[in-house]
Every structure is written in C-alpha cells, then in structure tokens.
Amino acid sequence: MKLDDWLNNDVPTIAEQLTHINDQHFDIAKTIGFKGREQIIKVIHNFHAVLFPGIYDRKPIDETRVNVAISNNLRSSALDLRDIIEKVLVYNNFADCENKCRQEADAIVMKLINCFPKIRKVLQTDIQAAYNGDPAATSTEEIVLSYPSITAICIHRIAHELYKLNVKIVPRIMSEYAHELTGIDIHPGASIGESFFIDHGTGVVIGETCTIGDNVKIYQGVTLGALSFPLDEDGNPIKGIKRHPNIEDDVIIYAGATILGGKTTIGHHTVLGSNIWLTHSVPPYSRVFHSQPSPSISNSQHHALEFEI
Amino acid sequence: MKLDDWLNNDVPTIAEQLTHINDQHFDIAKTIGFKGREQIIKVIHNFHAVLFPGIYDRKPIDETRVNVAISNNLRSSALDLRDIIEKVLVYNNFADCENKCRQEADAIVMKLINCFPKIRKVLQTDIQAAYNGDPAATSTEEIVLSYPSITAICIHRIAHELYKLNVKIVPRIMSEYAHELTGIDIHPGASIGESFFIDHGTGVVIGETCTIGDNVKIYQGVTLGALSFPLDEDGNPIKGIKRHPNIEDDVIIYAGATILGGKTTIGHHTVLGSNIWLTHSVPPYSRVFHSQPSPSISNSQHHALEFEI
Amino acid sequence: MKLDDWLNNDVPTIAEQLTHINDQHFDIAKTIGFKGREQIIKVIHNFHAVLFPGIYDRKPIDETRVNVAISNNLRSSALDLRDIIEKVLVYNNFADCENKCRQEADAIVMKLINCFPKIRKVLQTDIQAAYNGDPAATSTEEIVLSYPSITAICIHRIAHELYKLNVKIVPRIMSEYAHELTGIDIHPGASIGESFFIDHGTGVVIGETCTIGDNVKIYQGVTLGALSFPLDEDGNPIKGIKRHPNIEDDVIIYAGATILGGKTTIGHHTVLGSNIWLTHSVPPYSRVFHSQPSPSISNSQHHALEFEI
C-alpha cells in the first residue's frame, strides 16, 4: 500500500485506539496537561526575573523603571499561577464548589509571593557560599549568570514554599524543570538551610524528606536518598514517611557519596569523602572516607603495572 | 587593524579554509545535517502528543475533536519522517534508484506507526511502575507530566522500533535528544520489557546490546555497559558484537552500580546495591552489595573523628 | 483580601524590597545580565554553524554559497561578541577609558576567530576518536549530529581560547551552556589535547587547571577535580593555584572514576577502572582497578543469595 493511502485509511483507526487507551487512565478534560507544564515553566522564568530585577530581564530597562517592570511581571505571573493552581485543586477535588478552589488558589499565591523578599535574601547567602566555596569563581556576577547551583536552588526555594502550601504537582513540575536544566534533582519537599552550595551538580539527588542545615556544601553525584520503604497491604509504597537523611550545619559531602535512610543523621562539621556509602548516623566533626591504598604492582606484562584498590 | 576592516579582508579566507576542511570529511549535499536533527526532534514531539492525546497537546482541544487532531498530527509527522528516512537511505546507498529508497521509507514509517497502540499500552505499565516504585509520587498525572523516566522510555520505545527497521541515525538522534532532556542515555538498540522504571535517572547509561526483562527498577547513575571490545586488524572496534549485560525480570539496581559485559546475566529477582561493580553473572534471587563497615575512630584531633570505609 | 486588590496594593512594596536587595549586591547598570547570557549562547550557536559549514545550517544552502553564508555569519557574530566583551571589560575596569576597552575587545575577537581553522582541524581528530572509540557508532555523520562529546568539546575548544585571552565570564557562560546540554562540565581553563573522546558523558567534571594529553578517552561520571584548596587569611579560597590533575597521552578512564589533586599525574598509556578514587600519581602503562571479588553466598533465606563486594 502507498503511504498516502495508508495514512487516510488506517491512521484514524490507530488514533481511535490511542484515544481509547488514554481515556481509560486519565481525566483528559480536567488535567492541566503539558500546556499547564509549559505555563508553569513560564511562571518560574518570570519569578526568576522578579528575584533578580535588572539582571535577569531580557531587554535592558531603565533603572528607574525596574520597580514598575517587576510589579507588572509579578501581577501577570501571579494570575497565571492562580489559574493553574485552581485547576489543580479542582482536579484533586479540594472542595465541592469551584468558588472555594478559586479562593484557596488566591490565598496560596499571596502567601507564596509574600515570601519572595525572604527567598531573595537567602539566595544571596547561596551566591556568597558559591563564591567562597569555589576557587574557580571570579565574581558573584559570574555565579548568578552561569552556576547551575543557583538556578537549582532558586527554583527549589520557590517550589518548597508551594510544597508547604499543599499543591504538590506544581512544585514537582518546577523541580523537574530545574533537574532538566542542571542535572540537579531536589524534591520540593526537602528543607534546606542558608548558604547552600552544590558544585558542578550533575547527578545530585536530594529526597523529599531530607533536612539540610546551614552552610552545607555538596559536590556532583551525591545522593541523599531512601534506604528502602515499607509497603502497604496491597504492596504499594506507603506515602508520607520520613525516608531521607538529616544533614546538620557546616557539612561537606564530596562527589559521588551516597547517604541513605530517614534515621541517618550526619553530625555538624562532618566531611564525607568521595564515593562513600553510608546508611547510619555519624557524630559531629567526623571525617569519613575510603581508605586510599598504596598501589601494588601485580602484573608487568607489556610494561603494564596493575594496581588494585 | 580595526575589526571592521579585518572582517571584510580576512574573514572570507578563514571561511574558505573551514569549507575546505569540511568538504574533506563530509558529503554536505547529502547529509541530513542539523536541519534534519531539528526535524527529527519535531517529529518526536508530535509522536509524544499522539501517544498522549488530550494531555500533551499545546492548546486545549475539544474531546470530540481529539481523534481528528491526532490523525492530522500523525499524517503530517509521518510524511516528515518519511522524507528524512528517505534521505538517510539515499545517503547510505540503500538502493541504486531513489524510487526504491522512497518505497522503503514508506514501508518503515507504516511499520513504526502500526506499533503505536502497542507502545502506548506498554507505556501505561511504565507509568504504573513509577507510581508503585516511588513513595514520593502522588498521581499518575504527576508522573506523565514531570518524571524524566517517562520521557526517556517513551522516546526509547519509539526509537527502538526504528532501530529494528535498520535506520540507525534517526533513532540515535532521538535517543540523544532524550539524553539531553533527562540525563538518561539509552541506546536505541537496547531491548526493554514492560513496567520499566528509572528513578531520578541522571547519568544512567544502557548500552546497545542490553536486554532487560519485565518489572525492572533502576536508579540514577547506573551503567549497563561494555567491559571491553575486540578490535579488527586495523585497530578499529568490531561492530555488532553482544557487549552489554542481560537483566532478567524483577531486578532492582541501586544508584551508581556498574554492570559490564555481554556475557553478564543478572538473574531474576536480584537486588544490586549502590556503587557496586559487577563483570560476571549472578544467579536469581541474589543480593549483591558493598559491605557497610562499622565506622572506627582513627583520629580525634580538633574533635575530628575519622572513619574509614 | 482578594487577589486583585492585593496585587495592586501590596506587590509594589514587595517589588521595592527586591530591587533594594539587588542594588546592594550588583551594579545593575553595568552587568551583561541574562540578556548577555542569551547573546553569548546565540554567538556559540553561530560559531558552531561556522565550524561545520553546510551541516549545521538551519536551512539548506547552495554549496557554492556556503562561503558567503559563513563569512556573513562570522561577521555578525564577531560584532555581537565584541560588544559583549567590551561590556565585560568596562565592568571589570580593564582600562580607564572606554575606547581602550573597545580596542581590546576588537583584538580579542580577531585572535579568537583566527584560531577557527586550527580548532576545526582538531575537532576532526575528536570526531575520528569517537568513531574509533565506540563500537556503536555507525558513521562520522552520526557522531557530529548526535554525540554530546562533540558538542561539549567544540564549545570547550572555543571557550578555552577566550579563557587564554583573559575574558573569564564569557567562556564560563559558554561552558555552562555545554554542561546544560550534555551533562559534561569542562572548565574553560582546562587544556585538552587532540583526539579527545568522552563516551556518554553525563556527570563528567574536568577542572580549571587540568591538563590532558592526546588520544585520551573518558567515560561518564569521571571527575578530574581538586583534592582541597588553601584558604587566605580571611578564609576565602586562594585563586589561581594548580589544583587539578595531569592526564598524559593515551590514557583511558572508565565510568565514575575520581582523580583528584594538582600534583597527581596519570602516566601515559594508563587504564583507570570504574569507580576508582585516586589522589596520587601513577606511572606510565599502569592498570588501576577495583578488585572484583568472587561473590560468596552469605544467606539463602527465601532463596536469596547475598554477595558482599
């Protein structure tokens, strides 16, 4: 059969099969869908601009007009976010009348935006921590414009406030967008203190019920994860249990370390070495690292020295 | 010299040198080029929309018109893909006459799209596996809209069908696009069963000749790779050899584990721990993990406890 | 309070607070800002097109017009880059008169573009190294169009020339853009020889003061990093010290290996195994790897075999 004929004859049947499969699993009329995802990404871009007035904006703006520009941006983004949150609340049967969903969405957006000055102040401690923590950094401008750590923590600090306001899917879409941009996967539920810095960052995973103190530095590939999780009678994971570790103040965790479990606490001023694997607590001021053996020659065939580690 | 003068005087010579270098290595008139890459990415976006009718679409569509929208989308994407595949077949000297390349391209596109209902059904098992496998997941809607695992496996299941139809470069561009979005690098050649879930996913590598059974769960940073590969007489790697492991049903592989080699089989119901490194087979129901030593205090200077692991 | 009223009444105050915080930390009138970041990304896209004439271009161009197209592209991109570099020099107080900043910016752009034929020739060795180093590669076209290694090293080789010309923030923005696309984080300061190949690449980190010889192959998750760094009297890291390792010619480093320290030299023709952790030098022709223990059965409860590694 020629492709043109096939497209006209067979494709509608395939389309109908696909629609039927989808209908079985999703309430298409109610989901925010991928369009909602795109709107949320647009909102997070605008919020980023709001938090860094005059720096983020796509066109240079007269400094005297910065305030007006931010206010306008905030107003339109707030309304966009309200519409999405309202739709999410309706989808989740938050209330029996749509008017209540609208009121609740309004309240959530106001609470979120009220936090912005506080969030911006904490972000400045994160910027300073990056400058202090990386010998390669030459200016705080360079950090704001190019460090993935700042992108990830900026989006996280907004997403975390929304998470606390019980709108789960919106902050998750925000955090996965940060993950896509940076390779840093921070669940919106994670609670993170001031002066937080992730160097390089690719492959970092920070789980939902993690708590991280002030002045913590993490390198690429670090996992703060769950050890295992209990299942309910139907074999499904039980939601809402503390599953991820606590990291106290002034801890440094080097590349590729894996720290697991909700009962694991890393005491303050501890240094955890590269590629270690920890499932229990360590006290303050600990130094935990792989032993670095002297290499031993085990084979010199073809001038090859073999070392075992 | 002033920049403006230099641009007029010297740049054409530089441009000529660059053109000359390129001409030595590529048949510019025949390659699909970066334009082809962009078209392939557009096709994969449209196919994603087709597989999730009403959810993926960028504008909300009347449910009764979903079928028409999918059919139209499928028809235009099918023609776009056919044009690219035809160009690839001509470039690779598939046949001595262009008409045969066109017929073959038509046949490939029809075979691919005929698989879509089957692919969509299997994707539903992947969505369910993510929901069952992640205590942080609150709904299947959240999984479809935000989990990188679903993006990666959706693109992979399409790319794998094309790979089996012997059009190598097109599915490779698709899989590298998924890699760019998600940090998950699955070669289109890999064969993957139902109910597959990759949590977090950054840094996962799954090689070309891997086979993976049903109900397998993998965490971030896992490599299913080649141990080494034989070279031909000219020192080039021999293509087409089984180089990557087999993972049987119901296996869990935790973060950062590295499993290498075409003769390595991981028996069903096995659990592989974080950061392990395996180059040989293990039988069904195995538990393989690093020993987790009790930390020993080796130095208390400045209140520092040193643990070796 | 209703959201609409709140937006009109309270948002201007929040905007003012945010502007005030930002003014304390940044010279908004002088920074290149996120607009500068976007311009730099546009320039790097255009340079990519220039280096692969006829392949990268978004619309197919008559081969005879390729030279004209490249020349035009180079001319406009050169002027765009000059404007950004001039702004950076002014911001950094490079000279007391703006005219000198313009002249210096002109000189830098000319020096960079003069390197392009040399860069393109070296990139061809990188493309060939990828083809030789990956049994899954089917053509050099596939490598140029889909391998993240080529994207990362192409951007790096441009960024590194700029770094040597003392414009730090511009190449850093380029390298972080490559990092975002590929998960490969190469600091522009790193010096890298010919025929360089990074397979898969996600999570690779190559530090600022690294030197890498010819014909080196690296896999995903490899870190060439700093062991630690000295602080000045105020507790800030001292900038400009050699902190990262030297990798000699013909070295292979497998997935997840971590090599740290400015005094660490990996001798030529060495092979470093997966997940090893090295902080000292090894001589030429070394083979360094984790010992792979025979698994021992430690528990057969529920048919479970436990292996410790």
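Residues numbered from 1 in each chain as written. Chains lettered and ligands numbered in written order. Predicted model: local features only at pLDDT ≥ 70, side-chain atom pairs only at ≥ 80, totals over all residues. Heavy atoms only, no water.

Student: Is there a simple way to think about the overall build of chain A in this case?
Tutor: For chain A, the count of helices and strands is nine helices and 15 strands. Relative to its full complement of 309 residues, chain A shows a buried share of 58%. Long-range contacts, defined here as pairs at least 24 residues apart, represent 44% of the contacts in chain A between residues at least 6 apart. (Helix = DSSP H or I, 4+ residues; strand = E, 2+ residues; numbered from the N terminus. Buried < 20%, exposed > 50% of the residue type's maximum accessible area, 1.4 Å probe, protein only. Contact = heavy atoms within 4.5 Å.)

Student: Hey, could you run me through the sheet that holds strand E5 (residues 211-212) of chain A in this one?
Tutor: The strands that make up a sheet pair up through hydrogen bonds in the backbone, lying either parallel or antiparallel. Residues and elements named next belong to chain A. A sheet is described by the order of its strands in space; here four strands give the open sequence E2-E5-E8-E11, paired in parallel fashion. Looking at strand neighbours, the two that pair on one side only are strand E2 (191-192) and strand E11 (265-266), the edges of this open sheet. For strand E8 (residues 246-247) and E11, the ladder comprises two bridges, and the chain directions are parallel. Following the sheet pairing, Asn246 is matched in E11 by Thr265. (Pairing = 2+ DSSP bridges.)

Student: Is there a simple way to think about the interface of chain B and chain A in this case?
Tutor: Where interface size is quoted, it is often the accessible area lost as the parts come together. Taken residue by residue, the interface counts 72 residues in chain B and 70 residues in chain A. Across the chain B/chain A interface, buried area totals approximately 6100 Å², and carbon plus sulfur atoms make up 62% of it. Inspection of the region where chain B meets chain A yields one salt bridge. A salt bridge links B:Glu142 to A:Arg172, with the shortest nitrogen-to-oxygen separation between them at 3.1 Å. Here chain B is connected to chain A by 12 residue pairs in polar contact (both at pLDDT 80 or more). Elements that contribute at least two residues to the side of chain B that touches chain A include exactly helix H3 (33-51), helix H4 (66-91), helix H5 (98-114), helix H6 (116-133), helix H7 (140-146), helix H9 (169-182), strand E6 (217-219) and strand E15 (305-308) of chain B. Of the residues assigned to the side of chain B that touches chain A, the class counts are 36 nonpolar, 20 polar and 16 charged. (Buried area = accessible area lost by both parts, 1.4 Å probe. Salt bridge = Lys/Arg side-chain N within 4 Å of Asp/Glu carboxyl O. Polar contact = N/O pair within 3.5 Å; in protein donor to acceptor, adjacent residues only side chain to side chain. Nonpolar A, V, L, I, M, F, W, Y, C, P; charged D, E, K, R; others polar.)

Student: Where do I start with the pairing of strand E14 (residues 286-289) of chain A in this structure?
Tutor: Remark: a regular strand shows side chains that alternate across the two faces of the sheet. All names here are of chain A. Of the two faces of E14, the one lined by Ser286 and Val288 is fully buried and the one lined by Arg287 and Phe289 carries no buried residue. Pairing between strand E12 (residues 271-272) and E14: two bridges, direction parallel. When the bridges of E14 are listed, Val271 appears paired with Arg287.

Student: Even after reading the chapter, I still don't get the relation of the copies chain B and chain A, so can you show me in this structure?
Tutor: Between the two copies of the chain lies a rotation about an axis combined with a shift along it. By a simple turn and slide, chain B fits onto chain A: the slide is 0.0 Å along the axis, the RMSD is 0.0 Å, and the turn is 120°. Both copies are brought into coincidence by an operation consistent with a three-fold rotation axis. Across chain B, the rotation axis passes nearest the C-alpha of B:Gly203, at a separation of 3.7 Å. Residue by residue, only 6% of the interface of chain B is reproduced at the interface of chain A, so the copies engage with different surfaces. (Least-squares fit on C-alpha atoms with pLDDT ≥ 70 in both.)

Student: It is not clear to me how the relation of the copies chain C and chain B should be interpreted in this structure. Could you clarify?
Tutor: Rotating chain C by 120° about the axis while translating it 0.0 Å along that axis superimposes it on chain B, leaving an RMSD of 0.0 Å. Of the residues that chain C buries at the interface, just 6% are likewise interface residues in chain B, meaning the two copies contact each other through different surfaces.

Student: I'm lost on the environment of C:Gly273 in this one. Help?
Tutor: All names here are of chain C. Looking at the secondary structure, you find Gly273 in the loop between strand E12 (271-272) and strand E13 (277-278). Taking relative accessible area as the criterion, Gly273 reaches 7% and is therefore assigned buried. The sequence separation of Gly273 and Gly256 amounts to 17 residues, and the corresponding C-alpha distance is 8.6 Å. The contacts of Gly273, once residues within four sequence positions are left out, are Tyr254, Ala257, Val288 and Phe289.

Student: How should I be thinking about the sheet that holds strand E5 (residues 211-212) of chain B in this particular structure?
Tutor: Pairing within the open sheet is parallel, and its four strands lie in the order E2-E5-E8-E11 (chain B). Each edge of the sheet is formed by a strand with only one pairing partner; in this case those strands are strand E2 (191-192) and strand E11 (265-266) of chain B.

Student: Looking at this structure, I do not really get the side chain of A:Thr270. What am I missing?
Tutor: Residues and elements named next belong to chain A. Among the secondary structure elements, Thr270 is positioned in the loop between E11 and E12. Side-chain polar atoms of Thr270 contact the backbone oxygen of Gly267, separated by 2.9 Å. Looking at Thr270, its side chain comes within polar contact range of the main-chain oxygen of Pro283, at 3.2 Å.

Student: Any chance you could explain the interface of chain C and chain B here in plain terms?
Tutor: At the junction of the two partners, chain C supplies 72 residues and chain B supplies 70 residues. For the chain C and chain B pair, buried surface summed over both sides reaches about 6100 Å², with 62% attributable to carbon and sulfur atoms. Applying the counting criterion to the chain C and chain B interface returns 12 residue pairs in polar contact (both at pLDDT 80 or more). Of all elements in the fold, only helix H3 (33-51), helix H4 (66-91), helix H5 (98-114), helix H6 (116-133), helix H7 (140-146), helix H9 (169-182), strand E6 (217-219) and strand E15 (305-308) of chain C reach the threshold of two or more residues within the side of chain C that touches chain B. Taken together, the residues of the side of chain C that touches chain B break down into 36 nonpolar, 20 polar and 16 charged.

Student: Which parts of the structure should I look at to understand the confidence of the model for chain A?
Tutor: When pLDDT drops low, the exact placement of atoms in the prediction is not to be read closely. All names here are of chain A. With 89% of its residues at a pLDDT of at least 70, chain A reaches an overall mean of 88. Segment residues 293-303 is flagged for pLDDT under 50; beyond a separation of four residues in sequence, or across chains, it makes 17 contacts in the model. In the model output, the complex is listed with pTM 0.93 alongside ipTM 0.90. (pLDDT = per-residue confidence, 0-100.)

Student: What should I look at first to understand the packing of aromatic side chains in this one?
Tutor: Here a ring pair, both rings aromatic, is described through the centre-centre distance and the interplanar angle of the planes. Enumeration according to the criterion identifies nine aromatic pairs over all chains in this entry. The lysine or arginine in question, B:Lys168, covers the ring of B:Tyr163, its NZ or CZ lying 4.1 Å from the ring centre. (Phe/Tyr/Trp six-rings, centres within 6.5 Å; stacked < 30°, edge-to-face > 60°. Lys NZ or Arg CZ within 6 Å of the ring centre and 35° of its normal.)

Student: Whenever I open this one, the packing of helix H2 (residues 11-25) of chain A against H4(B) confuses me. Can you help?
Tutor: The packing of two helices is summarised by the inter-axis angle and the distance between the axes. The contact between H2(A) and H4(B) brings their axes to 9 Å, and the two run at 125°. Taken together, the axis directions place H2(A) and H4(B) in an arrangement best described as oblique. Taken as a pair, H2(A) and H4(B) cross one another with a handedness that is right-handed. In this structure, H2(A) uses A:Val11, A:Pro12, A:Ile14, A:Ala15, A:Glu16 and A:Thr19 to contact H4(B), whose residues at the interface are B:Val66, B:Asn67, B:Ile70, B:Ser71, B:Leu74 and B:Arg75. Of the residues that constitute the contact of H2(A) with H4(B), the class distribution is seven nonpolar, three polar and two charged. (Axes fitted to C-alpha atoms, helices over the stretch in contact; angles between N-to-C directions. Parallel < 35°, antiparallel > 145°, perpendicular 65-115°, else oblique. Left-handed = near helix turned anticlockwise from the far one by under 90°.)

Student: What's the story with helix H8 (residues 148-164) of chain A in this structure? I'm lost.
Tutor: Because each turn of an α-helix spans 3.6 residues, side chains separated by three or four positions end up pointing in the same direction. Residues and elements named next belong to chain A. Helix length check: H8 (17 residues) gives 24 Å between terminal C-alpha atoms against 24 Å at 1.5 Å per residue, within 8%. Along H8, 15 of the 17 residues are buried, which leaves the element largely enclosed by surrounding structure. The first or second residue beyond H8 is Asn166, which carries a positive phi of 65°. (Expected span 1.5 Å × (residues − 1).)

Student: Any chance you could explain the pattern of salt bridges here in plain terms?
Tutor: Should their charged atoms come close, side chains of opposite charge can pair. Using the criterion set out here, one finds 33 salt bridges over all chains in the structure. We note a salt bridge from B:Glu161 to B:Lys164, for which the minimum N-O separation is 3.6 Å. Placement of both B:Glu161 and B:Lys164 in helix H8 (residues 148-164) is noted, with a separation of three residues, approximately one turn of the helix. Connected via shared salt-bridge partners are A:Arg82, A:Asp83 and A:Asp106.

Student: Is there a simple way to think about H5(B) in this case?
Tutor: An ideal rise of 1.5 Å per residue puts 24 Å on 17 residues; H5(B) measures up with 25 Å between its terminal C-alpha atoms. Within H5(B) the residues assigned to the buried category are B:Cys101, B:Ala105, B:Asp106, B:Ile108, B:Val109, B:Met110, B:Leu112 and B:Ile113. Contacts from the buried residues of H5(B) go to helix H1 (3-9) and H2 of chain A together with H3, H4, H6 and H8 of chain B.

Student: For this particular structure, what's the right way to read unusual backbone geometry?
Tutor: Leave glycine aside and you will find that most residues have negative phi; peptide bonds, for their part, are mostly trans. A positive phi is found at A:Asn275, a non-glycine position, where the angle reads about 65°. Within the element layout of this structure, A:Asn275 appears in the loop between E12 and strand E13 (277-278). A:Asn275 sits in the buried class, given a relative accessible area of 14%. Phi angles above zero are rare outside glycine, and C:His269 is one such case at about 60°.

Student: Honestly, the environment of A:Leu3 in this entry has me stumped. Any pointers?
Tutor: As for its placement among the helices and strands, A:Leu3 is situated in helix H1. With relative accessibility at 1%, the residue A:Leu3 sits in the buried group. Not counting the four nearest positions on each side in its chain, A:Leu3 is found in contact with B:Ala78, B:Leu79, B:Arg82, B:Asp106, B:Val109 and B:Met110.

Student: For this particular structure, what's the right way to read the packing of H3(B) against H6(B)?
Tutor: All names here are of chain B. Orientation of H3 relative to H6, taken along the N-to-C sense of each, is 70°, at an axis distance of 10 Å. Here H6 runs roughly perpendicular to H3, going by the angle between their axes. Along the contact surface, H3 presents Phe47, Val50 and Leu51, while H6 presents Phe116, Ile119, Arg120 and Leu123. Class assignment for the residues of the contact of H3 with H6 results in six nonpolar, no polar and one charged.

Student: Is there a simple way to explain the environment of B:Ile169 in this structure?
Tutor: With respect to the secondary-structure elements, B:Ile169 resides in helix H9. Owing to a relative accessible area of 5%, B:Ile169 belongs among the buried residues under this scheme. Taking C-alpha positions, B:Ile169 is 9.9 Å from B:Pro188, a pair spaced 19 residues apart along the chain. Excluding its chain neighbours within four sequence positions, the residues that come into contact with B:Ile169 are B:Val88, C:Glu141, C:Glu142 and C:Leu145.

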